[in-house]
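Each chain is listed here by its residues.
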Amino acid sequence: MNKQRYFGGFGGQFVPETLMPALEELEKVYAQVSQEPEFKEELAYYLQNYAGRPSPLYYAQRLTETLGGARIYLKREDLNHTGSHKINNSLGQALVARRMGKKKLLAETGAGQHGVATATAAALLGMKCTVFMGEEDARRQALNVFRMRLLGAEVIKVSSGTKTLKDATNEALRFWVSTVEDSHYIIGSAVGPHPYPQMVRDLQSVIGEETKQQILAQEGRLPDCLIACVGGGSNSIGLFHPFIQDTGVRMIGVEAAGHGLATGRHAASLSKGSKGVLHGALTYLLQDVNGQIQPAHSISAGLDYPGVGPEHSFLKDSGRVQYAAVTDQEALAAFEALSKLEGIIPALESAHAVASCMKVAPGLTPEQIIVVNISGRGDKDVETVSEVLGGEDSEQDFTNLCNLKSQR
Amino acid sequence: MSRISQTFAILKANGDKALIPYISCGDPSLEFTEKLACSLEKAGADLLELGVPYSDPVADGPTIQKASQRALAQGVTLEKIFHLATRLRTQIKIPQILMTYYNPIYCYGLEKFAADASRAGVDGIIVPDLPLEEAGAFKKYTDAYNLDLIFIVAPTTTAERLERIAAAARGFLYCISVLGVTGSRGELPKSLEEFMTGIRSYTELPLAVGFGVSTPEMARRVAQTADGVIVGSSLIERIEKNMPVIPKEPEKVIGEISSYLNNLKYGMTLDRKI
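Our subject in this report is the structure included herewith. (Residues numbered from 1 in each chain as written. Chains lettered and ligands numbered in written order. Predicted model: local features only at pLDDT ≥ 70, side-chain atom pairs only at ≥ 80, totals over all residues. Heavy atoms only, no water.)

Describing unusual backbone geometry
Each neighbour pair has its own omega, and for Arg53 of chain A with Pro54 of chain A the value is -5°, a cis peptide bond. Residue Pro28 of chain B is reached from Asp27 of chain B by a cis peptide bond, and omega for that bond is 0°. Counting through the fold element by element, Pro28 of chain B comes out in the loop between strand E1 (18–24) and helix H2 (30–42). Positive phi values are uncommon outside glycine, yet Lys163 of chain A reaches one of about 60°. Looking at the secondary structure, you find Lys163 of chain A in the loop between strand E7 (154–158) and helix H8 (165–179). (Helix = DSSP H or I, 4+ residues; strand = E, 2+ residues; numbered from the N terminus.)

Focus on the sheet that holds strand E14 (residues 369–374) of chain A
Residue and element names in this part refer to chain A. Spatially, E3-E4-E14-E9-E10-E13 is the arrangement adopted by the 6 strands of the open sheet, whose pairing is mixed. Only two strands of the sheet have a single neighbouring strand rather than two, namely strand E3 (57–59) and strand E13 (322–327). Averaged over all pairs of adjacent strands, the angle between their axes in this sheet comes to 30°, without regard to strand direction. Here 5 bridges tie strand E9 (residues 225–229) to strand E10 (residues 250–258), and the two strands are oriented parallel to one another. Bridge assignment links Ile227 to a residue of E10, and that residue is Ile252. Sheet contacts for helix H14 (residues 328–342): E3, strand E4 (71–76), E10, E13 and E14; angle to E13, the most-contacted strand, approximately 85°. The strands that helix H15 (residues 348–360) touches are E4, E9, E10, E13 and E14; relative to E14, the one it contacts most, it runs at about 165°. (Pairing = 2+ DSSP bridges. Axes fitted to C-alpha atoms, helices over the stretch in contact; angles between N-to-C directions. Contact = heavy atoms within 4.5 Å.)

So, the packing of helix H11 (residues 233–241) of chain B against helix H12 (residues 250–269) of chain B
All names here are of chain B. For the pair H11 and H12, the least separation of the axes is 10 Å and the interaxial angle reads 155°. Relative to H12, the element H11 lies roughly antiparallel. Here the hand of the crossing between H11 and H12 comes out right-handed. Mapping the contact onto sequence places Ser234, Leu235, Arg238, Ile239 and Lys241 in H11 and Val253, Glu256, Ile257, Tyr260 and Leu261 in H12. Per-class residue counts for the contact of H11 with H12 are 6 nonpolar, 1 polar and 3 charged. (Parallel < 35°, antiparallel > 145°, perpendicular 65-115°, else oblique. Left-handed = near helix turned anticlockwise from the far one by under 90°. Nonpolar A, V, L, I, M, F, W, Y, C, P; charged D, E, K, R; others polar.)

Quick notes on the packing of helix H4 (residues 86–99) of chain A against helix H9 (residues 196–204) of chain A
Residue and element names in this part refer to chain A. The contact between H4 and H9 brings their axes to 8 Å, and the two run at 115°. Here the hand of the crossing between H4 and H9 comes out right-handed. Here H4 contributes Lys86, Asn88, Asn89, Gly92 and Gln93 to the contact with H9, which in turn contributes Tyr196, Met199, Val200, Leu203 and Gln204. Taken together, the residues that form the contact of H4 with H9 break down as 4 nonpolar, 5 polar and 1 charged.

Regarding the packing of aromatic side chains
Per the counting criterion, the structure on display carries 16 aromatic pairs over all chains. An angle of 35° between the planes, with centres 5.5 Å apart, marks the rings of Phe10 of chain A and Tyr284 of chain A as tilted. Placement of the pair is Phe10 of chain A in strand E2 (residues 10–11) and Tyr284 of chain A in strand E12 (residues 281–285), with a sequence separation of 274 residues. Taking the relative accessible area as the measure of exposure, Phe10 of chain A reaches 5% and is therefore buried. Ring geometry for Phe8 of chain B versus Phe172 of chain B: centroids 5.4 Å apart, planes at 50°, classification tilted. Residue Phe8 of chain B is found in helix H1 (residues 3–13), and its partner Phe172 of chain B is found in the loop between helix H8 (159–168) and strand E6 (173–176); the two are separated by 164 residues along the sequence. Pair check on accessibility: Phe8 of chain B and Phe172 of chain B agree, each one buried. Counting every residue linked through ring pairs, the aromatic cluster contains Phe82, Tyr108, Phe113 and Phe138 of chain B. In this structure, Lys112 of chain B is placed above the aromatic ring of Tyr108 of chain B, and the distance from its NZ or CZ to the ring centre is 4.0 Å. (Phe/Tyr/Trp six-rings, centres within 6.5 Å; stacked < 30°, edge-to-face > 60°. Buried < 20%, exposed > 50% of the residue type's maximum accessible area, 1.4 Å probe, protein only. Lys NZ or Arg CZ within 6 Å of the ring centre and 35° of its normal.)

Quick look at the structure:
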């Protein structure tokens, strides 16, 4: 067994034979080009001049003062071109695909951020792009469907199964099987068969590498704690990976607890799932005793996924990363808090990380430092949030938050 | 010699080719599947593929996806399918092959699955999302319990992979003739004969072709170049179309599907060499 395909006991390549030669080629080409100085320079060029990197590491003074504990820094991936961390991966993989001579890019998307990022990379490099999106998600995120089409991509709405991210991924895999000879599938998270989880992690590690340099420049030392949300887990693995060897840095991955872990309506595959195989990898999943995948639930479309990247499963079992879960309600409160305290409207996905920070920070001292990854901006979620929260209620939530300080 | 190998050997000695229907267990009920299986044997099936329904069948097109959903809605589980296979073993003589995605096997337990399948009279297993690289752990148990783990070869499979797959394979090789998922297609690929000749140069194992066969003419052309013809979606389309009739007149629908299969068999015998 080629152990490189696995993170401990997690990962692998559980895909139809038709795709295996494409994965072999991808593994080979990626291993080669990722070491080439020309490729690194090309990617760095686009990340800097096109995507706007490095993204700032911003000291959130009012959030820090309100919570009254650790000093909180925000890694501003929301400021990237296209509005999230997804562009780091899409640009990198599109450049790899071009090296392989592929003319078409495929992607699945939940909230639409990865679809938009891939459609953008395709437009930039003059490639064709097809994006698969669950019918339910396409309805919830109609504006992103329009954005993708404006960028020249074809958007295929998926009506099978749960009509969300899981089924969009199934359909993208099916389509890839029939077009594998001239197309490259850009998986949007650190999931899927080897080499995807590793490649996506490498491409997203720019988040953690920058964070390390920035915090050393601003504070002269490493942070005490890193917090990021986990759906498939690409923004979190990107932040965490460069710090794995720094054992003094605590890491918290935040899953979506949806209506609550006890209700069964959540997307917390690490906190509540069991081991199984989905989308090509052995990992923690939401499934029944017969191995049938169960629907996930989260207010955030990007976390609404019943699996998780295999490296996270490994990091959970090894204990290096701690995984927490945050409910829809808690995420909504954090969404509002960050908007009102810092003037930053986070994506609902990122709001889960903020909510976790709001629980952790008050228990730490002002000498301690937390970095929270704001993986994307929340413009896309404003409609969803306004449907859930009325004006009156939202005032209430904000008041509750401010009371946190006086109660302490 | 396994029942699968024996079946192919006898067919070959008679100048015949194998007809292998695929049906989805529990679509729309396990009782229906049981009666249909018995009838398909009489109509000319030489081996039988029993599909295990799964929530996320990534190698399947819409027809089998919907059949899986109908079966899951009936509460079909592996346990019930093993009971079905046990009952069928006393009624039919042809080999039974389970086609299932890997996750249900993994959750059931690799060894327990192999042991229970063997006890139920199952002869072979096809796992569409278990390529050679990942098959080792499961193959240890299928070998130990005398089950043939059937491997898949695709048009994209390289010569180097083909060599390794052929060395590990038992029973027969499942040759996917087209790039894509399961489902009926208007025509077979032009390169079918070339594809089959390429595989033939690497192995003596019987070669069965699946994905896309739906007419007697197509079955005939496949039989000219392969040892077996696998038919799935076009049978299931006939179940789907008759869904409202099945509760009242299951025998009529089973009769229609069986005579369709019999026509395919007829197509395959036109070039029979004795």
